[in-house]
Structures are given as structure tokens and as C-alpha cells.
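Now for the letters of each chain:
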Amino acid sequence: MGAVVGTLTMQTRQRQPSRDKIDDELEMTMVCHRPEGLEQLEAQTNFTKQELQVLYRGFKNECPSGVVNEETFKHIYAQFFPHGDASTYAHYLFNAFDTGNNGSIKFEDFVMGLSTLLRGTVRDKLEWTFHLYDINKDGFINKEEMTEIVRAIYDMMGKYTYPALKGDVPKQHVDTFFEKMDKNKDGVVTLEEFVLACQEDENMMKSMQLFENVM
Amino acid sequence: MAAGVAAWLPFARAAAIGWMPVANLPMPVAPTNKNKRQDELIILNVSGRRFQTWRNTLDRYPDTLLGSSEKEFFFNEETREYFFDRDPDSFRSILNFYRTGKLHYPRYECITAYDEELAFFGIIPEIISDCCYEEYKDRKRENTERLMDDLEDNKDSKLPNMTFRETMWRAFENPHTSTMALVFYYVTGFFIAISVITNVVETVPCGSTPNQRDIPCGERYTEAFFCMDTACVMIFTVEYLMRLFAAPSRYRFMRSVMSIIDVVAILPYYIGLVMTNNEDVSGAFVTLRVFRVFRIFKFSRHSQGLRILGYTLKSCASELGFLLFSLTMAIIIFATVMFYAEKGSSSSKFTSIPASFWYTIVTMTTLGYGDMVPKTIAGKIFGSICSLSGVLVIALPVPVIVSNFSRIYHQNQRADKRRAQKVQKARLARMRISKGGSSSAFLHSKRNGLNQSLELTGSLEEDQQLKKTTSLLESQHHHLLHCLEKTTNHEFVDERLYEQGYLQTALQNFPSQSPSLSSEEGITGTCCSRRTKKNIQALNATHTHSHTHNLQELSALHIHCGEQQPLNTSRSSLNLMSDESGSLNCKSSGLVTTAIISIPTPPSNNSRGSPDAPPPPNPDAPPLPNPGSDVVKISAL
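All figures in this text were calculated on a predicted structure; none of them were measured in a lab. (Residues numbered from 1 in each chain as written. Chains lettered and ligands numbered in written order. Predicted model: local features only at pLDDT ≥ 70, side-chain atom pairs only at ≥ 80, totals over all residues. Heavy atoms only, no water.)

Can you walk me through the overall build of chain B in this structure?
In terms of regular secondary structure, chain B is built from 22 helices and ten strands. Within chain B, the fraction of its 637 residues that count as buried is 43%. Taking contacts inside chain B between residues at least 6 apart in sequence as the whole, the part at least 24 apart equals 70%. (Helix = DSSP H or I, 4+ residues; strand = E, 2+ residues; numbered from the N terminus. Buried < 20%, exposed > 50% of the residue type's maximum accessible area, 1.4 Å probe, protein only. Contact = heavy atoms within 4.5 Å.)

Put into C-alpha cells, the structure is as follows:
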């Protein structure tokens with residue numbers, strides 16, 4: 001019986017090498033990416049040299065190859081939210097950072113995004129957030145897109161919340177906010193409407209300032 | 001939170017800006033980095049070898065020696081470095097743990113030395129990563145077993161309080177303990193040999209009597225052999241009875257294989273004694289004498305190898321079964337073929353298929369007696385195929401059995417691997433706890449009211465006081481989670497409390513009758529939130545009038561349990577019941593009983609129960625209209 005099993009496995013093993021060859025080729029194309037010089041990055045972003053150094057060290061530690069792909073990105077982000085499922089929101093975040101739309105984030109993309117978020121003007125931050133919410137990048141946020149994002153945020157909470165999540169909480173959550181933002185009631189929120197609505201909201205403005213000194 | 005991603009915390013916090021536009025509540029204040037040092041290199045001098053690393057790297061694990069303030073004890077002022085008088089080789093792995101988040105166990109390292117180093121630096125061995133964990137556990141197990149063996153050897157000196165029975169049993173099991181036991185051991189061995197030899201010699205033809213027939217010695221010297229047999233059986237019986245007497249568990253002893261062999265060895269003699277010389281039963285009597293040969297198995301008490309062989313065969317039952325099965329299949333096939341091939345030839349010995357079995361077996365095992373040979377050409381062809389395939393079929397399972405034997409032999413020297421499985425489960429449980437530790441750490445700190453101090457208007461003194469208990473990294477992470485709570489207007493709770501809350505919501509479904517007042521304070525409710533610290537959190541209540549009403553109701557309760565409530569307790573004593581609960585903040589209540597307070601104006605349609613604490617002063621605003629989450633309050637007495 002062992003012999004029979006042995007012969008079967010020998011046959012299947014022969015089919016593997018062809019697949020391995022393809023993987024090897026892929027490996028070779030995923031070369032290590034090195035970012036541009038420190039001075040250039042310093043010029044392009046609002047970070048100091050030391051801050052860039054600290055950021056790069058952390059970046060390189062997790063992604064030695066110099067680029068983050070979506071899986072790694074999701075994995076990293078999920079570490080911060082052990083209660084729930086952060087993968088959907090991480091997916092949207094990834095798309096927001098991946099300005100070049102090439103499926104991976106280089107250090108430059110990473111640092112530019114962070115520069116906007118942490119050191120940008122309020123307008124910049126709001127624009128960035130708008131692009132985050134605009135999933136299909138068509139320049140408008142419709143209700144479904146906002147619901148998607150809010151649902152992703154609620155997913156991060158996980159199951160064990162107080163009060164328990166009953167009913168379609170994200171949808172109700174969105175209903176309120178969408179009404180507020182969609183000034184001309186045309187079913188979509190444009191960038192201007194978005195910015196205007198946020199600027200009216202005092203608390204939100206204050207919250208935006210909160211993360212200034214994150215670094 | 002894994003160390004490696006600690007560097008990404010700023011990114012995660014920055015990404016939280018994405019929640020702001022849809023946040024229900026304002027965000028709490030971020031923990032500030034009070035002593036904002038630039039990240040500096042620190043030097044760790046371990047017995048002369050200098051290691052350098054960033055301070056932040058060490059801060060990743062604040063509950064170890066290097067990550068906490070305990071390392072200050074080792075700080076050398078003159079040389080401005082931390083000096084540890086420990087093994088620098090082991091320190092390498094420990095420092096790599098901080099750098100990469102994975103703890104590895106180097107193979108060349110002695111297990112006890114490594115354990116000591118880990119214990120010194122405050123790292124639990126359970127977090128050794130999977131690549132090295134099995135090796136570590138194996139070595140550890142070997143070591144403990146060796147220690148136990150050493151202990152047992154020392155224990156062989158006679159314990160004073162052993163009863164006679166226990167002494168006897170020990171003598172039987174370990175013949176080396178005393179001279180008497182050794183003597184007994186050799187005497188029984190000798191008599192087993194005598195008995196076996198007697199049985200053999202009995203059948204040898206021994207000289208002939210005048211009537212030209214060689215009779216076996218047994219019939220010639222009947223009395224001599226009978227005396228020999230009797231003596232052996234006496235000894236065996238006495239031995240068996242003594243073992244039975246000394247055994248700690250007689251029932252278990254009687255069921256054991258060795259005792260069954262003993263019984264089988266001596267029984268024929270007694271049966272022979274009992275039976276008369278009746279001709280009818282003498283045939284059966286002769287058969288019984290065959291069982292005397294089982295006395296040879298008594299030798300297995302004297303030989304470890306025999307025992308292992310027996311155990312091997314027992315454990316190779318499946319391989320042996322396969323061998324038997326495949327042989328049977330092949331025998332039947334070839335016997336059939338040979339029978340039909342030889343059917344034609346005259347005076348063929350292959351009279352039937354079962355008769356061909358003998359030929360097939362003899363050929364397949366390459367014995368080839370030659371008493372049955374095929375005569376036709378077809379028969380000869382199939383006969384040769386039969387012998388070739390016989391070699392293959394028999395040769396295949398044999399290596400399996402051999403490897404089984406060697407495996408069991410080695411396994412005999414190491415204790416159960418099954419114990420390792422149990423330890424593995426315990427380890428996984430512990431790792432789950434430490435991973436869940438990050439989530440439970442958050443709940444834990446909520447309970448301690450850490451987050452309460454981080455309100456938008458912030459109170460710095462409490463801030464500083466509470467900051468000492470957690471590292472900056474942790475507090476930033478908790479702040480992030482707190483922001484998420486605020487965004488969604490739901491809180492993290494642990495599983496137990498979730499179940500509880502769920503049950504209680506099922507208990508009461510207040511239909512609302514009151515007209516629902518609209519909440520006009522604006523979406524970001526600013527009313528009455530910050531006026532007093534004694535505001536009671538109206539959890540998710542959407543209307544302020546009920547809010548004030550609640551205030552009245554619950555303020556009564558507040559008095560009950562108010563004495564020891566520091567103002568910064570967490571908002572719900574739900575969290576008090578989290579698993580790692582330290583002292584309950586509210587000393588009076590054990591939070592076991594809850595009382596339902598009906599609020600005459602339940603806010604709106606779908607009300608939902610929420611276990612509420614003795615009123616926590618939550619300075620946050622009474623929440624925004626949060627459709628779909630309405631609350632009926634329950635307070636714990």
C-alpha cells in the first residue's frame with residue numbers, strides 16, 4: 001500500500017517544476033526598489049530628514065524589498081485592530097496610497113501620503129479623504145461608496161461591541177452624513193460639497209488637527 | 001501588537017483621518033510625547049561584547065527587562081552604557097528578538113543555559129517562533145527526562161517505609177536492587193532454560209530397546225523427565241503466586257501479557273495431573289503439551305530486546321496485515337492460473353486450486369521444494385512469473401517493518417511524544433492569550449480609565465499620572481482604537497460582556513410611547529457635556545431630555561456606589577469584568593446583580609438594554625442621533 005502511494009506521489013511531483021519555474025521568473029522581476037535620495041524626498045514632502053529616516057527604517061523593516069503589496073499592507077494594518085477585520089478598510093487605504101495604481105506602494109508613495117495627512121493643509125487632508133472615499137475615482141462620492149467605507153470601518157470594530165451592532169448600522173450611519181453633505185441633493189457628493197460640509201463641522205476640524213504631532 | 005509593525009503606528013494613526021468625516025463623536029485627545037527625545041542609540045555591554053541598538057527597538061516589549069525601566073539598574077554612569085554580566089552568545093538571540101519580533105533558539109546552545117538567559121531578561125520561552133520551537137521542546141523534554149532518570153537511580157536506595165509487599169514487587173521488577181532479587185532472577189531463568197531443554201530432549205530417540213524401535217527419551221526415562229517437569233512447574237507456580245501477591249494491582253497484573261504467558265506455561269501440567277489416563281482424552285492431552293513450549297516466552301522478562309520485538313510486531317500490525325493481504329491475493333491469482341495451465345497435463349500434481357496454493361507459496365517465497373513442478377510450457381511460464389513477483393511482494397513491506405522496529409527502539413528511550421502534543425496545545429493557548437493580549441490590553445486600559453482622561457479638553461495632571469503605567473506606543477495605539485470607537489459610536493467589549501449585554505437586551509424591549517424629541521443640539525452634540533464631570537453618560541440616548549431624567553434617576557444610585565468612584569473610571573463597569581480584572585473600581589458592587597430601571601421616557605422605537613455602570617462621569621458629549629441604537633438603562637447595584 002505504501003508502494004502504491006509512493007508511485008502516485010512521484011507522478012504528481014513531476015508536474016510541479018514547471019510551475020516553480022514561473023514562480024522563479026516572477027521572483028526575478030520583483031527587484032528591490034530603492035527610493036530616491038533623501039534630499040529629494042525632503043524637498044517633496046514636509047518631513048525633516050530625521051523623520052524620513054525613522055519612517056524609512058520602519059518601512060524597510062516590514063518590506064525589505066522596498067515595496068508594499070496589498071497583502072502585506074493588509075497584514076500590517078490588521079495588527080493594529082485585533083478585534084475586527086481590517087482588511088476591507090486596508091484595501092481602500094491601499095488604493096488611496098497607491099496613486100500610481102500599480103498594485104504596490106513604494107516608499108515615495110507612502111511618504112507623500114503621510115506628508116499630506118500629517119503635514120498638509122486642511123484642504124489637502126480633505127482632498128485626500130475625498131479620494132479615499134471615492135472608490136471608483138470618478139470624482140464623485142455616491143451613497144454606495146460611502147456606505148462601503150463606513151461598513152469597512154464598522155468591520156474593524158469586530159463583533160464584540162457595546163452596544164451590539166444590530167440592524168444595518170453602517171447604512172443608517174451613512175444616511176445621516178450623506179444628507180448633510182449632499183447639498184444640492186443630486187445623489188452624489190462632489191469635492192466642493194465635501195470640503196464645504198467638513199469645514200462647517202467644527203468638531204471634525206478639530207479632530208483633523210489632532211493628528212498633527214503623530215510623528 | 002507585534003514589534004515589527006510598531007514603526008507603522010504613525011501611519012495607522014495618520015490613516016485615521018479617513019474616519020473623521022463620518023465620525024459620530026469628536027475624537028479624544030492624542031497622547032503627547034512628553035519627553036520627546038530623538039531616537040538614540042544605546043549601548044549594551046554584555047560581558048565585554050558591545051551591542052548597539054535604537055532605544056525604540058528595546059521599547060517594543062515593555063514587559064521585559066530591556067524594555068522596561070529595570071535596565072536602569074544596570075546602567076553604568078562612567079561609560080554611559082548598560083552592562084550585563086551574562087553570556088554574549090545567548091544575548092545575540094535575545095537582541096534579535098527585539099529587532100525582528102521573533103525569538104530563535106540556536107541549536108548549539110545548551111537548553112538550561114538558554115532558559116536561564118531568557119528568565120533573566122524576562123522573556124517567556126513560549127514565544128519562540130515556530131521554526132525553532134519544536135527543537136526547543138524536544139531538547140527540554142530530553143533534559144527533564146534525563147533528570148528524572150537520574151533521580152530515579154538515586155531513589156533506588158531502600159526507602160524505609162516500604163512494606164514487605166512493595167519490596168517484593170520492586171525486587172521482581174528491578175532485579176538489580178538486591179542480591180536476593182538477583183538470585184531469584186537467575187534461578188528462574190535457569191529453570192526456564194531447563195524446562196525448554198527438557199521438552200526438546202524428551203523427543204530425541206535415545207537408544208533402542210531390544211524390540212528394534214527407537215523410542216524417544218521421554219518414554220524411556222519417564223520418571224526422570226516427570227520429576228524434572230514437576231520441579232520446573234513448582235518453581236514457576238511459586239513465582240507466579242509470589243508475583244500475584246506482590247503486585248500493586250492484582251487485576252491489572254492478571255491481565256498483563258507476561259502473567260498470561262506464565263499461566264499458559266504451567267497449566268498443561270496441572271491439567272495433565274487432573275486428567276486420568278483415559279485413552280480418549282490422551283489425544284487432547286498431547287496437544288496440551290505443545291503449550292509447554294510457551295515457557296520460552298518467559299524469557300522476555302529477562303530480555304529487553306524480545307519485548308521490543310514483540311511490541312514492534314504489535315505496532316506493525318497494519319504493515320503485516322498488508323503483507324498478508326497482498327500475499328493472499330497473489331497466491332489465489334497464481335494458484336488459479338497454474339491450476340488451469342496444468343489441467344491439461346497428465347498425472348499432474350495440481351489436482352485442485354487449493355492444492356496449487358502450496359506450490360504458489362513455496363514458489364513465491366523462493367523456497368522451491370520441488371515436490372510440485374509444472375510440466376506444461378504455459379505452466380512453466382506462469383511459474384516463473386510467480387516466483388519473480390513473489391520476491392517483489394515480500395521484499396516491499398519488510399523495510400517498513402524494520403524501520404518501525406528501529407523507530408520503536410529509539411522511542412523506547414524517549415518518552416511519549418503524545419505529551420508533546422498536549423504541551424503544544426497549551427502553547428497555542430498561551431500564544432493566543434498573548435496575541436489577544438493586545439486587544440484585551442485595550443479593554444484593560446479602558447477600565448483603568450486611561451481613555452477617560454484623554455478627552456478633548458484634556459486634563460493634564462491625570463494624563464501624566466496615568467501615562468506612567470503604559471508605554472507611549474501602547475497609549476498611542478489605544479488612542480487609535482478609541483478614535484475608532486468614537487467614529488462608530490460603539491465600544492469594544494470582550495466576549496463575556498457582549499454575551500451579557502446581548503442577553504439583557506433580549507430581556508427588555510420597551511416599546512416607546514413617548515414622543516421623540518428631536519435632537520437639535522446639532523450633530524456634534526455639545527450640550528451639557530462638559531459642564532460637570534458628574535454628567536452621566538447617557539449611552540446612545542438620542543434625546544437630551546431623557547438625559548436629564550436619567551441624571552436624576554441614576555444620581556440616586558450614584559450615591560450608593562459613589563464613594564470610591566474616582567472620577568476617571570471607565571464608562572462602564574462592564575469592562576470591570578474583563579478577564580484580567582484587577583481590583584474592581586467600585587468596591588461595593590461585584591457587578592453580579594443588575595437592577596432594571598425603567599425610564600418612563602424611553603427614547604424611541606427600538607430600545608435596547610445596556611448594562612450601565614455606577615455612573616461614570618463621561619465628559620464626552622451625549623451622543624449624536626445614532627439611529628438604531630437606543631438604550632434603556634440598567635444600573636448595577
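Looking at this model, I keep getting lost on the overall build of chain A. Mind explaining?
A tally of helices and strands in chain A yields eleven helices and five strands. Relative to its full complement of 215 residues, chain A shows a buried share of 40%. For chain A, the share of sequence-separated contacts (at least 6 apart) that also reach a separation of at least 24 residues comes to 59%. By element, 55% of the accessible surface of chain A is carried by carbon and sulfur atoms, the whole surface being about 10,800 Å². (Areas by Shrake-Rupley, 256 points an atom, 1.4 Å probe, with all protein chains shown as cover.)

How should I be thinking about the nonpolar core in this particular structure?
In a soluble, globular protein the nonpolar side chains are often hidden away together inside. Counting 76 residues, the largest nonpolar core has Tyr77(A), Phe81(A), Tyr89(A), Leu93(A), Phe110(A), Met146(A) and Trp19(B) as the members making the most contacts within it. It is helix α8 (residues 143-157) of chain A that provides the largest number of residues to this core, a total of eight residues. The residues contacting Tyr77(A), other than those within four sequence positions of it, are Ala86(A), Tyr89(A), Ala90(A), Leu93(A), Met156(A), Phe11(B), Ala12(B), Ala15(B) and Trp19(B). Of all hydrophobic cores here, the second largest spans 26 residues; its members include Leu58(B), Ile94(B), Ile123(B) and Tyr133(B). (Core = buried A, V, L, I, M, F, W, Y, C linked by side-chain atoms within 4.5 Å.)

How do you make sense of the packing of helix α14 (residues 317-342) of chain B against helix α16 (residues 377-395) of chain B when you look at a structure like this?
Helix packing for two helices is described by the angle between their axes and how far apart those axes are. Residue and element names in this part refer to chain B. Axis separation between α14 and α16 bottoms out at 9 Å; the angle between their running directions is 175 degrees. Classified by the angle between their axes, α14 and α16 sit roughly antiparallel to one another. Between α14 and α16, the residues in contact are Leu323, Ser326, Leu327, Phe334, Val337, Met338, Ala341 and Glu342 and Ala378, Gly379, Phe382, Gly383, Ile385, Cys386, Ser389, Val393 and Ile394, respectively. Taken together, the residues of the contact of α14 with α16 sort by class into twelve nonpolar, four polar and one charged. (Axes fitted to C-alpha atoms, helices over the stretch in contact; angles between N-to-C directions. Parallel < 35°, antiparallel > 145°, perpendicular 65-115°, else oblique. Nonpolar A, V, L, I, M, F, W, Y, C, P; charged D, E, K, R; others polar.)

Is there a simple way to think about the sheet that holds strand β4 (residues 81-84) of chain B in this case?
Paired through their backbone hydrogen bonds, the strands of a sheet run either parallel or antiparallel. Residues and elements named next belong to chain B. A sheet is described by the order of its strands in space; here four strands give the open sequence β2-β1-β4-β3, paired in mixed fashion. The open sheet has two edge strands with one neighbour each: β2 (49-54) and β3 (75-76). Of the pairings in the sheet, the one linking strand β1 (residues 41-46) to β4 comprises three bridges and is parallel in character. Note on β4: the bridge partner recorded for Leu44 is Tyr82. The strands touched by helix α3 (residues 88-100) within the sheet are β1 and β2, with β2 carrying the most contacts at an inclination of about 5 degrees. (Pairing = 2+ DSSP bridges.)

Help me understand the pattern of salt bridges in this model?
A pair can form between side chains of opposite charge whenever their charged atoms are brought close. Residue and element names in this part refer to chain B. This structure, assessed with the given rule, holds 27 salt bridges over all chains. Arg50 is paired through a salt bridge with Glu81; the nearest N and O atoms lie 3.0 Å apart. With a gap of 31 residues between them, Arg50 in strand β2 and Glu81 in strand β4 connect regions that are remote in the sequence. Among the residues examined, Glu81 registers a relative accessible area of 5% and is labelled buried. Residues participating in the shared-partner salt-bridge network are Glu239, Arg243, Asp262, Lys298 and Arg301. (Salt bridge = Lys/Arg side-chain N within 4 Å of Asp/Glu carboxyl O.)

Hey, could you run me through α14(B) in this one?
One turn of the α-helix equals 3.6 residues, which is why residues spaced by three or four share an orientation. When the terminal C-alpha atoms of α14(B) are compared, their 36 Å separation across 26 residues agrees well with the 38 Å that a helix rising 1.5 Å per residue should span. Against the buried residues of α14(B) lie α15 (353-364), α16 and α17 (397-411) of chain B. (Expected span 1.5 Å × (residues − 1).)

What am I meant to see in a nonpolar patch on the surface here?
All names here are of chain B. A contiguous nonpolar patch, built from Ile197, Val200, Val201 and Val204 and spanning about 310 Å² of accessible area, is present on the exposed surface. Relative to the assigned elements, Val200 resides in helix α7 (residues 179-202). The exposed category is assigned to Val200, whose relative accessible area is 51%. (Patch = residues over 30% accessible without salt bridge, like charges linked within 9 Å, V, L, I, M, F, W, Y side chains within 5 Å.)

Honestly, the environment of Ser178(B) in this entry has me stumped. Any pointers?
Residue and element names in this part refer to chain B. Note that Ser178 resides in the loop between α6 (164-173) and α7. A relative accessible area of 32% places Ser178 in the partly exposed class. For the pair Ser178 and Thr167, spaced eleven residues apart in sequence, the C-alpha separation works out to 9.9 Å.

What should I look at first to understand the side chain of Asp134(A) in this one?
All names here are of chain A. By secondary structure assignment, the location of Asp134 is in the loop between α7 (122-133) and β3 (141-142). Despite its burial, Asp134 pairs with no opposite charge; the closest candidate is Lys137, at 6.4 Å N-O. Ignoring anything within four residues of it in the chain, the contact list for Asp134 reads Gly139, Phe140, Ile141 and Glu145. (Lys, Arg positive; Asp, Glu negative; His and termini not counted.)

How do you make sense of the packing of aromatic side chains when you look at a structure like this?
Centre-to-centre distance and the angle between the planes together describe a pair of aromatic rings. In total, this model carries 45 aromatic pairs over all chains according to the counting rule given. When the centroid spacing of 6.0 Å and the interplanar angle of 65 degrees are considered together, the rings of Phe81(A) and Trp19(B) count as edge-to-face. With Phe81(A) in the loop between α4 (70-80) and α5 (87-97) and Trp19(B) in the loop between α1 (9-15) and β1, this residue pair bridges two chains. Given a relative accessible area of 0%, Trp19(B) falls into the buried group. A ring pair is formed by Phe110(A) and Phe11(B), whose centres lie 5.5 Å apart and whose planes are at 50 degrees; its orientation type is tilted. (Phe/Tyr/Trp six-rings, centres within 6.5 Å; stacked < 30°, edge-to-face > 60°.)

Please clarify how the pairing of β2(B) should be interpreted in this entry.
Within a regular strand, the side chains alternate between the two sheet faces. Taken together, the six bridges between β1(B) and β2(B) define a ladder with antiparallel strand orientation. In the sheet register, Leu44(B) faces β2(B), and the bridge partner there is Phe51(B).

Which parts of the structure should I look at to understand α3(B)?
Residues and elements named next belong to chain B. Taking 1.5 Å per residue, 13 residues should reach 18 Å; α3 reaches 18 Å between its end C-alpha atoms and fits that length. Here α3 has its buried residues at Pro88, Ser90, Phe91, Ser93, Ile94, Leu95, Phe97 and Tyr98. Close packing links the buried residues of α3 with β1, β2, α2 (55-59) and α4 (111-120). Where α3 begins, the side chain of Asp87 points an oxygen toward the backbone nitrogen of Asp89, at a separation of 3.2 Å. Looking one or two residues past α3, Gly101 carries a phi angle of roughly 85 degrees, positive in sign. (Polar contact = N/O pair within 3.5 Å; in protein donor to acceptor, adjacent residues only side chain to side chain.)

I keep staring at the pairing of β4(B) and nothing clicks. Help me out?
Residue and element names in this part refer to chain B. The sheet contact formed by β3 and β4 spans two bridges and is antiparallel. Looking across to β4, one finds that Asn76 is bridged to Glu81. From the end of β3 to the start of β4, which pair antiparallel, there are four residues, and Arg80 there has a positive phi angle of about 55 degrees.

How should the confidence of the model for chain A be read in this particular structure?
Segments scoring low in pLDDT should not have their predicted coordinates read at a detailed level. All names here are of chain A. Confidence along chain A averages 79 in pLDDT terms, with 84% of residues attaining 70 or more. α5 holds the highest mean pLDDT among the elements of chain A, 89, whereas helix α1 (residues 2-29) holds the lowest, 50. Note that pLDDT drops below 50 for residues 12-16; the model gives that stretch zero contacts with residues more than four away or on any other chain. (pLDDT = per-residue confidence, 0-100.)

What's the story with unusual backbone geometry in this structure? I'm lost.
The bulk of non-glycine residues show a negative phi, and the bulk of peptide bonds are trans. Residues and elements named next belong to chain B. In the Ramachandran plot, Ser47 falls in the positive-phi region, its phi being about 50 degrees despite a non-glycine side chain. Secondary-structure assignment places Ser47 in the loop between β1 and β2. Positioned with a positive phi, Ser347 is a non-glycine residue whose angle comes to about 45 degrees. Locating Ser347 in the fold gives a position in the loop between α14 and α15.

Help me understand the confidence of the model for chain B in this model?
Residues and elements named next belong to chain B. For chain B, mean pLDDT is 72; residues scoring 70 or higher make up 64% of the total. By mean pLDDT, strand β9 (residues 607-612) is the weakest element of chain B at 38, and α15 is the strongest at 93. The low-confidence segment residues 453-469 (pLDDT under 50) makes 27 contacts with residues lying over four places distant or belonging to another chain. Here residues 510-637 scores under 50 on pLDDT; set against residues more than four positions off or in separate chains, the count is 267 contacts. Scored as a complex, the prediction yields pTM 0.48 and ipTM 0.77.

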